[in-house]
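Listed below, chain by chain, are the residues.
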Amino acid sequence: MSDEKPWPDSIRASDCEQHEPLVRRVLAPNPSPYTFTGTQTWIVGAGADVAVIDPGPTGSGLSIGDPPDANGQGHVDAILRAVAGQRVAAILCTHTHRDHSPAAKPLKDATGAPIIGCAPLVIRDSGPRADSAFDPDYAPDRVLTDGERLSGDGWTIEAVATPGHTSNHLCFALLESGALFTGDHVMAWSTSVVSPPDGDMAAYMASLQKLYARDDRVYYPAHGPAVTKPRQLVRGMLGHRKQRERQILKELERGTNVIPDMVSHMYKGLDPRLTGAAGRSVLAHLLDLEQRGRVAREADAWRLVA
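Each value, and the rule that gives it
Residues numbered from 1 in each chain as written. Predicted model: local features only at pLDDT ≥ 70, side-chain atom pairs only at ≥ 80, totals over all residues. Heavy atoms only, no water. Phe/Tyr/Trp six-rings, centres within 6.5 Å; stacked < 30°, edge-to-face > 60°. Helix = DSSP H or I, 4+ residues; strand = E, 2+ residues; numbered from the N terminus. Buried < 20%, exposed > 50% of the residue type's maximum accessible area, 1.4 Å probe, protein only. Polar contact = N/O pair within 3.5 Å; in protein donor to acceptor, adjacent residues only side chain to side chain. Pairing = 2+ DSSP bridges. Contact = heavy atoms within 4.5 Å. Axes fitted to C-alpha atoms, helices over the stretch in contact; angles between N-to-C directions.

Peer 1: Any chance you could explain the packing of aromatic side chains here in plain terms?
Peer 2: The description of an aromatic ring pair uses the distance of the two centres, along with the angle that the planes make with each other. Within this structure, the stated rule accounts for 4 aromatic pairs. Ring centres 4.6 Å apart and planes at 20° place the aromatic pair F36 and W189 in the stacked group. Pair noted here: F36 is in the loop between β2 (23-27) and β3 (40-44) and W189 is in the loop between β11 (179-183) and α3 (201-212), with a separation of 153 residues, a long-range link. Between F181 and Y220, the aromatic rings sit 5.6 Å apart at their centres with planes inclined by 35°, giving tilted as the arrangement. Placement of F181 in strand β11 and of Y220 in strand β12 (residues 218-221) is noted, with a sequence separation of 39 residues between them. Pair check on accessibility: F181 and Y220 agree, each one buried.

Peer 1: It is not clear to me how the environment of S207 should be interpreted in this structure. Could you clarify?
Peer 2: Topologically, S207 is positioned in helix α3. Among the polar contacts listed, one links the side chain of S207 to the backbone oxygen of P163, at a separation of 2.6 Å.

Peer 1: Please clarify how the sheet that holds strand β4 (residues 49-53) should be interpreted in this entry.
Peer 2: Within a sheet, neighbouring strands are paired by backbone hydrogen bonds and run either parallel or antiparallel to one another. Strand order in the open sheet formed by 7 strands is β1-β2-β3-β4-β5-β6-β7, and the pairing between neighbours is mixed. The open sheet is flanked by β1 (16-20) and β7 (142-143), the only strands paired with a single partner. Packing of helix α1 (residues 75-82) onto the sheet brings it into contact with β1, β2, β3 and β4, and relative to β2 it is tilted by some 155°. Each of β4, β5 (87-93) and β6 (115-117) touches helix α2 (residues 104-111); the most contacted strand, β5, lies at about 165° to it.

Everything listed is a geometric property; what it means functionally is a separate question.
Shown next as C-alpha cells:
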C-alpha cells in the first residue's frame, strides 16, 4: 500500500502512529536489551470500534535486566488517548509475559472491553530468566483457539496458534489487509527467546514452519520494525536455528559439555546482559536433541549419544 508506514523515522513512547489504514501503534516506555525500543501495542480498526493487541506493561512492569527495564507507567493512558471516540471491542494478548499482558486489566476497567486471546499461564523457573516473568494476574474472558475469529467494524482477526516462545503464544491475522501480529514469535531485530521449561524448541520450529506455509503480506511484531518480507525472514530464522543446533553438536564433539562454555564459544562478542538469554536457547536446543535421542545429560554435563 502506498500509505503504509512499516517503521517510522522517529520512535517515541506514547505517540500513536498510523502504519496502514486499519493499523496504528502505541509504543510503551519499557526499552531494554530484551524489549528493544519497548513493547508495541497495536490498535486495529478505523471505524466505530477497535481491537487492542498486546496492551503491554503497567505499574512497576518488568524487573529484568541491570538496571531494571523502564516500567511502562502511563501506557494505558496513551492507549486511551489513541482510541478516543471509538469503542474498544476487545483486548487481545499474544502471550502472558509481563511486558505484554498486565495492562489488559486496567484497560478493561477503563473501557469495559473483554480480554480475549491466549490462555492464562503461570510458571516459575529456577533458571536465569532471559525474558520477562509471566503475568500471574492475567484473567481472560475468552480464550481463542487456532483458527477462531473475532470481528468488528471493518476488521476481522483470526487466531494463529504459535507455541514455542511460550506454550500459550498466539499470533493474530488481520484478514482484510494480510497483516499478521506476531507478538514475540517472529521479530526482525532479534531472534525470539525460547526458555525452558515452558519455552520449547521443537514447538517453536514447528510454529515457524506453520508461518512459512502462510502468505501473510507483513508482520507487525511486539518489538522492533515491521517485517515486509515475511517468508524470507522466517526461512532465515529456520536456517539460523538449525545452524545453532549444528554448533552445539560440534561443541559436544570437541568435548565442551556444559552450557556456559558452549555460550562463550558460540556467541562471540555477546552483550554480557544477554548471556542468560543465550544460555536458555542453548538449553532449549539440548532438550530438543535429548528428546530426539541425539544427546544425553548427567547433572549439568551433556554428551553425544553414540
